[in-house]
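What follows is each chain in one-letter form.
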Amino acid sequence: MEGTCLYLPVVILLVQCSPSFAVTVTTNRHKVEVEEFSDAVLSCTFRTEKDQNPRIEWKKKGRDVSFVYFEGNFRGPFEDRATIDGATVTLKRVTQDDAGEYRCEISAPLDTVNLGETNVTLKVLVPPHTPSCEIPSAAVTGSVVQLHCRDQQSIPPATYSWFKDNLPIFQPRHANATYVINSHTGVLEFKAVVKEDSGRYSCLASNGVGSPKMCEGKHMTIEDVNVSAVVAAVLVVCLVVVVCGCGGYLLHRSGFFSRESFWISQCHGAAHISSQTLHRTEDTSNVNYVLPPQEPQDFKHTQSFML
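Residues numbered from 1 in each chain as written. Predicted model: local features only at pLDDT ≥ 70, side-chain atom pairs only at ≥ 80, totals over all residues. Heavy atoms only, no water.

Draft legend 1. Looking closely at the pattern of salt bridges. Under the defined criterion, the tally for this structure stands at 10 salt bridges. Residue Glu 57 is joined to Lys 59 by a salt bridge in which the shortest nitrogen-to-oxygen separation is 3.8 Å. Each member of the pair, Glu 57 as well as Lys 59, carries the same accessibility label: buried. With its nearest N and O atoms 2.7 Å apart, the salt bridge here joins Arg 81 to Asp 98. Placement of the pair is Arg 81 in the loop between strand S7 (73–74) and strand S8 (82–85) and Asp 98 in the loop between strand S9 (88–91) and strand S10 (100–107), with a sequence separation of 17 residues. The buried category is assigned to Asp 98, whose relative accessible area is 3%. Residues joined by salt bridges that share partners form a network here, namely Arg 55, Glu 57, Lys 59, Arg 103, Glu 105 and Glu 117. (Salt bridge = Lys/Arg side-chain N within 4 Å of Asp/Glu carboxyl O. Buried < 20%, exposed > 50% of the residue type's maximum accessible area, 1.4 Å probe, protein only. Helix = DSSP H or I, 4+ residues; strand = E, 2+ residues; numbered from the N terminus.)

Below is the structure:
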């Protein structure tokens, strides 16, 4: 009996000093990547100390924190397209609007440390769309030509490869190549095109999600500079200059320009005379102008009248 009394305080002390367990919340995938319009599973598991019916909440972070699951119901856009198993949530047919960071919160009021949480980031992948291609229809030999290919909607961003007449154009392996391909921007640049570069060009966009997509091919024609046309144009210009010069010379010899000068001088003289007349008229009007007599303030008898 005495031995039992000795051990009893020790047992009570151990019970009182036993550590309390906090609510633990974990996930098996902190980053979830799924294709657009497929289902996304956001896992959340928890362990409590005493509370067997803790409160489960899911929230989505953004500019403002919004509820996904609260008080046993899904909220907002997830109301009709989400399910929950334990604390793990499955979102149906996710879109780009669903991408973001989610937080699972477990609240156990009966536990000593009664709150725990974990975060899950959802990334929605978008396969390539048909890229838009800008391919010139014609160019002149020796000029710099750029072909553009772009897909603005794919996630992650697409990489691009070019084809000529349905055959792949490989990345150049030497520095003095006549073209350059940027697989990230989709630009195919020819430093100086030649006639052999003529052909039907198309571009393929791919990002590892879904099937790659190709734009419709367009034909580009490279033409030589038409030297004969340039020479003919120069000759025509020279001929026009000569004809104009000879015509002007003949008109001058026939006195056309001198008579024109005479009429111009006559008009100038008439304009000068009219200007002088105008000035004289203004001077005369100024000389003859007499201020009207002012009425006297008081009436005074200034003249005698005889009958």
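Draft legend 2. Structural context of the sheet that holds S8. Taken in spatial order, the three strands make up an open sheet running S3-S9-S8, and their pairing is antiparallel. At either end of the open sheet lies a strand with only one pairing partner, and these are strand S3 (40–42) and S8. Here the average twist between neighbouring strands, direction ignored, is 20°. Pairing analysis gives four bridges linking S8 to S9, with the strands arranged antiparallel. Looking across to S9, one finds that Thr 83 is bridged to Thr 90. (Pairing = 2+ DSSP bridges. Axes fitted to C-alpha atoms, helices over the stretch in contact; angles between N-to-C directions.)

Draft legend 3. Looking closely at the confidence of the model for the protein chain. Looking at the protein chain, pLDDT values average 79 and 71% of them are 70 or higher. Predicted confidence is poor over residues 1–18, with pLDDT under 50, and the contacts of this stretch with residues over four places away or in other chains come to zero contacts. (pLDDT = per-residue confidence, 0-100. Contact = heavy atoms within 4.5 Å.)

Draft legend 4. Fine view of the sheet that holds strand S17 (residues 179–182). Across the sheet, which stays open at both edges, the four strands sit in the order S12-S14-S18-S17 with antiparallel pairing between neighbours. The open sheet has two edge strands, strand S12 (132–134) and S17, and neither has a second partner. Strand-to-strand twist across the sheet, computed as the mean angle between neighbouring axes with direction ignored, equals 10°. As paired elements, S17 and strand S18 (residues 187–190) share four bridges and run antiparallel to each other. Bridge pairing in S18 links Ile 181 to Leu 188.

Draft legend 5. Main features of the environment of Ser 107. The residue Ser 107 is located in strand S10 in this model. The class for Ser 107 is buried, based on a relative accessible area of 15%. In this structure the C-alpha to C-alpha distance between Ser 107 and Arg 55, which are 52 residues apart in sequence, comes to 5.0 Å. With near-sequence residues (within four places) excluded, Ser 107 lies in contact with Pro 54, Arg 55, Asn 114 and Leu 115.

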